[in-house]
Structures are given as structure tokens and as C-alpha cells.
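Observations on chain architecture
Letter by letter, the chains look like this.
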Amino acid sequence: MASALRLNTLLGRRFQSGDRLLEHLRNELKLLDGLCRTLGVTELSQFVDTTALELQTAVAMLKEEGGTEALPEIDPETGHIWGIEDVSWQPSATGMSTLEALEQHLRKTPRSGLNSNKVRDLLDELSYCTTLLAPLESEGAQFHLALDEHP
């Protein structure tokens, strides 16, 4: 199993899990954090929440040990083994500043230490994130990039 990022949003108590994995953002996180420092915006890694991955790992260990009676129940609001209060949330406005700065920089400077295919893939994932967050920004929504396992 490999880990990937997924954009999750929260507006009030309405949780929405992103419908695609952000593998390129995950793979280039260190490079993107360096760009964020250069651009003077919050590092992308500051929006990453590892709760899902940690809980998935713990559940897998319990299953291996045969401790199925201690497995967590699915939270009705999130549909996951973690609840809204179990994870960290960030203001979507802060995330938009970072995502838009990265997107603009990569469009203007496509040779940021990456080949053109990687830049295209990163721009695609950044655009996906800004498209989801933009309408929620004015409503005061929150978000995080959930690190979790996928097959």
C-alpha cells in the first residue's frame, strides 16, 4: 500500500471527501514546500493531516493480532473511522493563498526543477484543489489534505 493525499472539506458540520487522489502533490511535497517558502506563503505540508493514515495503520495492526472487538466504528458524519474532531482543519482562505501562489508560479516558471509532464500533473491537481475550495472560501469553510493509504 502507498500513501496519497486527498482534499477533504468541512463547511459547518458538512464533511466532503475529495473524489481523487493527489499523488503528484504528495510526491513533490518537499519541492512544493520549498517553492512556498520562496513565495512567502504557508507551506503545503502544513495542510497535511496524518490522522487517517495513523488510524488505518492501527486498525491493520489490530486485525493482524486478531483484536477485532476493539476496531473503531465508522463515524456517521465522515464515513471514516475518524470523526470531524479527530483531525486538524485549516481555513480554506489560507489554503487558497498557497494553492494559487503555487499554481501561478508553475504556470509562469514551468522549469521549477521539474520536467514538463510533472508540471502539467501538478497544475492539474492544484487546479482541482482550487476549483473545490474557491466556492467554499467565502463561506468560511475549512479543509485539510488527508494522508491515507490506497491500494
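Everything in this summary refers to the structure shown in the same document.

Calculation rules
- Residue numbers run consecutively from 1 along every chain, following the written order of its sequence.
- Restriction of local features to residues with pLDDT of at least 70 applies here, the model being predicted, together with a cutoff of 80 or more for giving and counting side-chain atom pairs; totals for whole chains, interfaces and linings are based on all residues.
- As a rule here, side-chain values cover all heavy atoms of the structure and leave hydrogens and water aside.
- Whether a set of points on the 1 Å grid over the protein atoms alone is a cavity depends on a 1.4 Å probe fitting there but being unable to get out, while an open set qualifies as a pocket with protein on both sides within 12 Å along at least five of seven lines; lining residues are those with an atom within 4 Å of a point.
- Grid points are joined across faces, edges and corners, and a volume is the space filled by probe spheres set on the points.
- Numbering of helices and strands runs from the N terminus; a helix is a DSSP stretch of H or I covering at least four residues, while a strand is a stretch of E covering at least two.
- In this classification, Asp, Glu, Lys and Arg are treated as charged, Ala, Val, Leu, Ile, Met, Phe, Trp, Tyr, Cys and Pro as nonpolar, and every other residue, Gly included, as polar.
- The contact criterion used throughout is that any non-hydrogen atoms of two residues lie within 4.5 Å.
- Working definition of a nonpolar core: buried Ala, Val, Leu, Ile, Met, Phe, Trp, Tyr and Cys residues. They are joined through side-chain atoms within 4.5 Å.
- When accessible area is computed with a 1.4 Å probe and restricted to protein chains, residues below 20% of their type maximum are described as buried, those above 50% as exposed, and intermediate ones as partly exposed.

Our focus in this paragraph is empty space enclosed by the protein. A complete count under the given rule lists 1 cavity of 30 Å³ or more for this structure. A volume near 40 Å³ is recorded for the largest cavity. Taken together, Arg6, Asn8, Ser17, Ala52, His80, Trp82, Ala146 and Asp148 form the lining of the largest cavity. Within the residue set of the lining of the largest cavity, elements represented by two or more residues are strand 1 (2–11) and strand 5 (142–150). Of the residues that constitute the lining of the largest cavity, the class distribution is 3 nonpolar, 3 polar and 2 charged.

A separate point is the side chain of threonine 51. By the element assignment, threonine 51 lies in helix 3 (residues 51–64). Once residues within four sequence positions are removed from consideration, threonine 51 is found in contact with Trp82, Asp86 and Val87.

Attention now moves to the nonpolar core. Leu22, Leu25, Leu32, Leu44, Leu106 and Leu145 are the most contacted members of the largest nonpolar core, which has 27 residues in total. Within the residue set of this core, elements represented by two or more residues are strand 1, helix 2 (29–39), helix 4 (92–108), helix 5 (116–137) and strand 5. Looking at this core, the element that brings in the most residues is helix 5, giving 7 residues. Counting residues in hydrophobic clusters, the runner-up holds 7 residues, among them Ala52, Trp82, Ile84 and Val87.

Take the environment of leucine 145 next. Within the secondary structure, leucine 145 sits in strand 5. Its relative accessible area of 2% is what places leucine 145 among the buried residues. Sequence spacing of leucine 145 and glutamine 46 is 99 residues, and the spatial spacing of their C-alpha atoms is 9.1 Å. Dropping the residues within four chain positions of it, leucine 145 is found in contact with Leu5, Arg6, Leu7, Leu22, Leu44, Phe47, Val48 and Asp49.

By themselves these figures say nothing about function.
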